[in-house]
Amino acid sequence: MNLDRALRVARRRGPIVVICMVIAAASAFVFAKREPKQYTAAASLLFANNQVGAEATGLSPVYVPLTQAQQDTNVQLVGLGDVAAKTAAQLGPRWRPGEIAAAVSEAPNSDTSLVIVSATASTPALAQKIANTYSYVFVTEQRQATVTAIASAQRLVNDQYNALTPAQRAAPDGLALADRAQSLAVLAKLQTGNVSIAGQAAKPSAPSAPKVSRDTALGAVIGLLIGVAIAFMIERLDRRMRDPEELEEAYESPLLAQVPQRSQYRVLSALGQSNQSAMPSIYDEVFTLLRSYLRYFSVDRDLRTLLVISAGPAEGKTTVSYNLAKAAAVLGSRVLLVEGDLRRGTTISQLIGRADPGLADVLIGDARIEEAIHSIEVGPNGVLDVLVAGEVPPPNPGELIESHAMEAVLERARAVYDFVVIDTPPLSLIADAIPLLTKVDGVIIVGRVGKTRRDAAQQLRKKLMSLRAPVLGIVANGVRRPSASAYRGGYGAYYGSQPKSPVAASSSNGATAGDDSEARGDVRETA
């Protein structure tokens, strides 16, 4: 799937994506609103290198920044030990150490020596109290441990000093021991350690959770992802082709025209009504331009006989066949429309009021071709000849289509008429029209958008390739919004912006591509 097709899928399945986004965002919003409010207060602890060892060994204390490993160790150190238990004891009997541990979190403050102690509770005051108490307990423990270490170092230095003689005490080493003992005594009196409270927790002014806006946006994003996944899953399972471009890709043939749905255009249904002054509708223009395009499709061959096929039933073969033949007849050409579906060939006969004799009678020798051809008026000066299939289906339609008599009919039609259009049954169900694929000058495939299945189209394409059928291209039927390129002439947008009533007979009895079941004399798609 390329980007263009992915965008088409997203546009086509857009309502599913939007619904998923709305449901997910609304659910997240409701859930966030129903969640109890939580408040978070944060205190800051400042860590420094322990200078007791330097003082005890007689080295000059030098400030050295904490490394990343030391900072990580300090963060872990804040959460260890019995600090949570001592904090719970100070807060009151209703508190448990596990509750304090769950409410408090520790985190480093970027590249500094600070550690942030955060406490979350149901009220701002309680969150502030937990954060400050926890920090105080931790600092107190660390100071007590530091004081104990200073006292041990001080006793060691005093023992060394007391073991010296008076002469040794007056020596430089004795004086250094005395200085160290004095420095340690000062440290013990200051009761300092390697950590202190840099900033006490303030009472939070706004809840930290739930974040309604954030949760709603996150829900919308999750809904978007779910909607896109569902849309592409449905697209994967749905084998119907939804765009003319997909028909073009499946058949690997050029797109000749896009026939719009009937609901978008006014089409007169009564045969013989006319409006001479009206502009042609887009619907009529599609087939007029399609006929002109086919006329100059190939300069090295004369395109006189055209076979109209489709992969499945009810895709618009009869609609396209009739309207294409009518468009050619309106232009003044001698046109013959042949109803090649001998099994259910009673559709075009509605235009002439009779179905006997027909093609089947000609093929079995019961009637001459001149007797089976009926003429109908299309437009002010156009005449369309129609060779219907016949009223009674023959027992062997496939053999009749493959017979020499059918070849003779095609040769006679090619010699007399400028353009011959042959309607056929669906090739995926009935194989009667297969012998005609190699006996005509060109073949066009009709595919209905939203109905033609991809697997049926691919099977038909393989069959046509194996038979080397002269496929000219595809006509996409039932298009909702045909693009200007569908008309091959560039005037589609002009006619679309100024819709007019259809011209006289050129659209008066025209069957529509969007509805293959027309009443009151219109063509009905039965194939």
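Structure: above.
Please read these numbers as outputs of a predicted model, since none were measured by experiment. (Residues numbered from 1 in each chain as written. Predicted model: local features only at pLDDT ≥ 70, side-chain atom pairs only at ≥ 80, totals over all residues. Heavy atoms only, no water.)

**Details of the packing of aromatic side chains**
- If you walk through the whole model with that rule in mind, you get one aromatic pair.
- With a centroid separation of 6.0 Å and 55° between ring planes, the pair formed by Phe-47 and Phe-138 is classed as tilted. Taken together, the residues span a long stretch of sequence, with Phe-47 in strand β1 (residues 39-47) and Phe-138 in helix α7 (residues 124-162) at a distance of 91 residues.
- Taking the ring centre of Phe-419 as reference, the NZ or CZ of Arg-291 above it sits at 3.9 Å.
- In this structure, Arg-334 packs its charged tip against the face of Tyr-417, placed 5.2 Å from the ring centre. (Phe/Tyr/Trp six-rings, centres within 6.5 Å; stacked < 30°, edge-to-face > 60°. Helix = DSSP H or I, 4+ residues; strand = E, 2+ residues; numbered from the N terminus. Lys NZ or Arg CZ within 6 Å of the ring centre and 35° of its normal.)

**Side note on helix α2 (residues 14-34)**
- End to end, α2 covers 30 Å across 21 residues, agreeing with the expected 30 Å (1.5 Å per residue, within 8%).
- Those residues of α2 lying buried are Gly-14, Val-17, Cys-20, Ala-24, Ala-25, Ala-28 and Ala-32. All buried residues of α2 fall inside an arc of 130° around its axis, so they share one side. In α2, the exposed residues that point more than 90 degrees away from the buried face are Pro-15, Ile-19, Val-22, Ile-23, Lys-33 and Arg-34.
- Looking at the buried positions of α2, the neighbouring elements they touch are α1 (3-12) and α10 (212-237). (Expected span 1.5 Å × (residues − 1). Buried < 20%, exposed > 50% of the residue type's maximum accessible area, 1.4 Å probe, protein only. Arc of directions from axis to C-beta. Contact = heavy atoms within 4.5 Å.)

**Section: a nonpolar patch on the surface**
- Taken together, the side chains of Leu-218, Ile-222, Ile-226, Ile-230 and Ile-234 present a nonpolar region at the surface, about 390 Å² in accessible area.
- In this structure, Ile-226 sits in helix α10. (Patch = residues over 30% accessible without salt bridge, like charges linked within 9 Å, V, L, I, M, F, W, Y side chains within 5 Å. Areas by Shrake-Rupley, 256 points an atom, 1.4 Å probe, with all protein chains shown as cover. Salt bridge = Lys/Arg side-chain N within 4 Å of Asp/Glu carboxyl O.)

**Things to note about the sheet that holds strand β12 (residues 471-479)**
- Spatially, the eight strands line up as an open sheet ordered β5-β12-β11-β6-β10-β7-β9-β8, and their pairing is mixed. Every interior strand has two partners, whereas the edge strands, β5 (255-260) and β8 (373-378), have only one. Across the sheet, the mean angle from the axis of one strand to that of its neighbour is 25°, orientation sign disregarded.
- Along the sheet, helix α11 (residues 244-251) contacts β5, β11 (442-448) and β12; its crossing angle with β12, the most-contacted strand, is approximately 150°. (Pairing = 2+ DSSP bridges. Axes fitted to C-alpha atoms, helices over the stretch in contact; angles between N-to-C directions.)

**Concerning the sheet that holds β1**
- With respect to topology, four strands assemble into an open sheet ordered β2-β3-β1-β4, the strand pairing being antiparallel. Every interior strand has two partners, whereas the edge strands, β2 (104-108) and β4 (195-199), have only one. Taking each pair of neighbouring strands and ignoring which way they run, the sheet shows an average axis angle of 30°.
- On the sheet, helix α4 (residues 68-79) packs against β1, β2 and β3 (114-121) and is oriented at approximately 170° with respect to β2.
- In the packing of α7 onto the sheet, the strands contacted are β1, β2, β3 and β4, and the crossing angle to β1 comes to about 20°.

**Brief notes about the side chain of Thr-452**
- One can find Thr-452 in the loop between β11 and α19 (454-467).
- Among the polar contacts listed, one links the side chain of Thr-452 to the side chain of Glu-315, at a separation of 2.8 Å.
- Apart from the residues lying within four places of it in its own chain, the contact partners of Thr-452 are Arg-239, Arg-240, Met-241, Leu-247, Tyr-251, Glu-315, Gly-447 and Ala-457. (Polar contact = N/O pair within 3.5 Å; in protein donor to acceptor, adjacent residues only side chain to side chain.)

**Re the pattern of salt bridges**
- Counted by the stated rule, this structure contains twelve salt bridges.
- Between Glu-246 and Arg-454 there is a salt bridge whose closest N-O contact spans 3.0 Å. You can see Glu-246 sitting in helix α11 and its partner Arg-454 sitting in helix α19, a full 208 residues away along the chain.
- You can call Glu-246 buried: its relative accessible area is 1%.
- We classify Arg-454 as buried; its relative accessible area is 11%.
- As a salt-bridge pair, Asp-455 and Arg-453 come within 3.6 Å of each other at their nearest N and O atoms.
- Each of the salt bridges in this network shares a partner with another, and the network as a whole consists of Arg-368, Glu-370, Glu-371 and Arg-412.

**Concerning unusual backbone geometry**
- A cis amide bond links Ala-209 with the next residue in sequence, Pro-210, at an omega value of 0°.
- Relative to the helices and strands, Pro-210 resides in the loop between β4 and α10.
- The phi angle at Arg-468 is positive, at roughly 55°, despite the residue not being glycine.
- Relative to the helices and strands, Arg-468 is located in the loop between α19 and β12.
- Residue classification places Arg-468 among the exposed positions, given a relative accessible area of 75%.

**Quick look at the packing of helix α5 (residues 83-91) against α7**
- Where α5 contacts α7, the axes come no closer than 9 Å and their chain directions differ by 125°. In terms of their interaxial angle, α5 and α7 are classed as oblique. Here α5 runs over α7; the crossing is right-handed. From α5, Val-83, Ala-84, Lys-86, Thr-87, Gln-90 and Leu-91 reach across to α7, where they touch Lys-129, Ile-130, Thr-133, Tyr-134, Tyr-136, Val-137, Phe-138 and Glu-141. (Parallel < 35°, antiparallel > 145°, perpendicular 65-115°, else oblique. Left-handed = near helix turned anticlockwise from the far one by under 90°.)

**Quick word on the environment of Gly-442**
- Relative to the elements of secondary structure, Gly-442 occurs in strand β11.
- Once residues lying within four places of it in the same chain are set aside, the contact partners of Gly-442 are Leu-303, Thr-305, Leu-306, Leu-307, Pro-470 and Leu-472.

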